[in-house]
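A closer look at the structure
Below, each chain spelled out in residue letters.
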Amino acid sequence: MSNIQQIQEDIVDEFALFDDWMQRYEYMIELGKSLPLIDDKYKTDDYIIKGCQSKVWVHADMKEDKVVFTADSDAIITKGIIAILIRVFSNQRPKDIIEANTDFIDEIGLKEHLSPTRANGLVSMIKQLKMYALGYENKQPQN
Amino acid sequence: MKVAERFDVTKIRQDFPILNRKVNGKPLVYFDNAATSQTPQQVIDCIVDYYQNYNANIHRGVHALSQEATDAYEKARQIIQQHFNAKESKEIILTAGTTHSINLVANGFEKFLQKGDEILVSGLEHHSNIVPWQMLCEKTGALLKVLPMSETGTLNMSQFEVMLNPNTKLVMVNHVSNALGTINPIQEIIKKAHDFGAKVLVDGAQSAPHLKADVQALDVDFYTCSAHKICGPTGIGMLYGKRELLEALPPYQGGGEMIDQVSFEKTTYAGLPNKFEAGTPNICGGIAFGRAINYMNEIGFENIQAYEHELLLYATKRLEEFDNIIIYGTSPEQKTAVISFNFEGLHPYDVGTLVDKMGIAVRTGHHCAQPIMEFFKIPGTIRASFSFYNTKEEIDLMIDALKKANSMLL
């Protein structure tokens, strides 16, 4: 089992402890509030993923053989979801990021945030994380 | 204005089957009426009746079904004509909706504009009444000028007089702002624009659900609205244009229905309104649009206005209970039943997401009016827009949900 999959399962287990949507959202709001996610110098149009309603900024760095993501949003719930995504995808090898699925988002009851009508930049954000990983993967020397 | 005693909201709500459904386990509270209105059973029945009993193509078949469908479609045009008090039914073009109508006029005006001409749009417009004119300016070299709005969400009318000049060829304004609900002084705008020989297009998408416009009394050149905001189906709307103007405009799309004679050397076009209705139209939509207008008139626009105003006053009062509320736009006296607001320190998207979980449908975002959001320097607002089938009890549910959202987010 890859590390990514293990983290996803941990998150699903954590969310299973919540009784209802309010507790889930309260938890996400907490996550959103508590994390300084990105260096302010990256909160520019160069790093923005435009959703219709909330903005998302993403920055990626390669440290040794792993991709480190930082991100932020102007909306707190979006920020909470970003915190979850960062926990899953950051500090992982590019290949694992590219191959990872995001079914766990459905399992923790946040499916509606992946619907395009939400227009919160989240779908584009996941795509962007994978694009970064793909970029790093292609830059790596072939074995 | 008083709500007539025979106005019975409980009875009216029974006309709308969708109001019985639940969202996230809670009874639906639908306050996104400015985006689209719900459909009464009478209009749903009209749509079903068409497909069950007389679905046929119109204006050409000699068979019975085609005749019946043609009669019903043309009858709908007359209903729309009478409702807006147009002189003739041929001045009513059935379009796909307001956006389509505006593009039709913008496309036609290419012929009449030249470099140096000016097009004036109000700062309160929806993107659909901005972008087609920008495209027209790119094609013709005309200049797009913006009539500014004030902090209260009203248009700066003294500035309007300064901006008008003999080069002003077109003025575009919505009757009611979709983002803020402001009722604009269109009578005055039309009169002043005409003094300079400019033509005026009024976007009535947000006024048609609340007020009855009389196009002859207004002396407006073009007026447009969408059926789906006045209890009709999506994909159908109307464009009113003064006959001489519609006759002067070139056709928008080519195809069947809009021709007189076709040969490979030369095609001549049909007269109004067919000239602008190329191809098989939205027949069922047109007929249902007529039924929706009849439905609204059965309830009565005076009743609708009086009742919605009560809802607006009540909701405004209740929202003002929040210490951190910011309401955008003018006082309730100058607007329709729309409240655009934010809570200090909260993102509208977060609030909208949480109240949706509690069954409350409000709109959040920029409402396709980014220049207005830019004016207030905000990412968007929460917009609650009411209809005659909403109730004060529903407003209370929204307030409770907003309180809960505030306590979760702050």
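Residues numbered from 1 in each chain as written. Chains lettered and ligands numbered in written order. Predicted model: local features only at pLDDT ≥ 70, side-chain atom pairs only at ≥ 80, totals over all residues. Heavy atoms only, no water.

1. Comments concerning the interface of chain B and chain A
With 17 residues of chain B at the contact, the number on the chain A side is 18 residues. Carbon and sulfur atoms make up 60% of the area that chain B and chain A hide from each other, which totals about 1,600 Å². Linking chain B to chain A there are zero salt bridges. Residues that form the side of chain B that touches chain A fall into these classes: seven nonpolar, five polar and five charged. (Contact = heavy atoms within 4.5 Å. Buried area = accessible area lost by both parts, 1.4 Å probe. Salt bridge = Lys/Arg side-chain N within 4 Å of Asp/Glu carboxyl O. Nonpolar A, V, L, I, M, F, W, Y, C, P; charged D, E, K, R; others polar.)

2. Considering the confidence of the model for chain B
Across chain B, the average pLDDT comes to 95, with 99% of residues at or above 70. This prediction of the complex comes with two scores: 0.92 for pTM and 0.87 for ipTM. (pLDDT = per-residue confidence, 0-100.)

3. A look at the nonpolar core
Residues and elements named next belong to chain B. Tyr 223, Phe 289, Leu 354 and Phe 388 are the most contacted members of the largest nonpolar core, which has 149 residues in total. Counting the residues that make up this core, at least three belong to each of domain 1 (3-30 + 301-409) and domain 2 (45-298). Leave out the neighbours within four places in its chain, and Tyr 223 touches Phe 84, His 175, Val 202, Gly 204, Ser 207, Ala 213, Val 215, Leu 218, Met 238, Leu 239 and Tyr 240. By size, the runner-up hydrophobic cluster in this structure holds 23 residues, among which are Ile 93, Leu 136, Met 172 and Leu 246. (Core = buried A, V, L, I, M, F, W, Y, C linked by side-chain atoms within 4.5 Å. Buried < 20%, exposed > 50% of the residue type's maximum accessible area, 1.4 Å probe, protein only. Domains from an automatic or database assignment.)

4. Considering the packing of helix α3 (residues 64-84) of chain B against helix α10 (residues 283-299) of chain B
The description of two helices packed together rests on the angle between their axes and the distance between the axes. Residues and elements named next belong to chain B. Contact geometry for α3 and α10: axes closest at 8 Å, N-to-C directions at 40°. Considering the angle they form, α3 stands oblique to α10. Read as a crossing pair, α3 and α10 show a hand that is left-handed. Contact residues: Ala 69, Ala 72, Tyr 73, Ala 76, Ile 79, Ile 80, His 83 and Phe 84 in α3; Ile 283, Gly 286, Ile 287, Phe 289, Gly 290, Ile 293, Asn 294 and Asn 297 in α10. Taken together, the residues of the contact of α3 with α10 sort by class into 11 nonpolar, five polar and no charged. (Axes fitted to C-alpha atoms, helices over the stretch in contact; angles between N-to-C directions. Helix = DSSP H or I, 4+ residues; strand = E, 2+ residues; numbered from the N terminus. Parallel < 35°, antiparallel > 145°, perpendicular 65-115°, else oblique. Left-handed = near helix turned anticlockwise from the far one by under 90°.)

5. Focus: the packing of helix α3 (residues 76-89) of chain A against helix α12 (residues 348-357) of chain B
Contact pair α3(A) / α12(B): the axes reach a minimum separation of 7 Å and the direction vectors enclose 85°. Classified by the interaxial angle, the pair formed by α3(A) and α12(B) is roughly perpendicular. Contacts from Ile76(A), Ile77(A) and Thr78(A) of α3(A) reach α12(B) at Tyr349(B), Asp350(B), Thr353(B) and Leu354(B). Classifying every residue of the contact of α3(A) with α12(B) gives four nonpolar, two polar and one charged.

6. Description of a negative patch on the surface
All names here are of chain A. A contiguous patch of negative charge on the surface is contributed by Glu 9, Asp 10, Asp 13, Asp 103, Asp 106 and Glu 107. For the negative patch, the elements supplying multiple residues, two or more each, are α1 (3-16) and α5 (104-107). It is α1 that contributes the most residues to the negative patch, three residues altogether. Relative to the assigned elements, Asp 103 resides in the loop between α4 (94-99) and α5. (Patch = residues over 30% accessible without salt bridge, like charges linked within 9 Å, V, L, I, M, F, W, Y side chains within 5 Å. Areas by Shrake-Rupley, 256 points an atom, 1.4 Å probe, with all protein chains shown as cover. Lys, Arg positive; Asp, Glu negative; His and termini not counted. Charge placed at Lys NZ, Arg CZ, Asp CG, Glu CD.)

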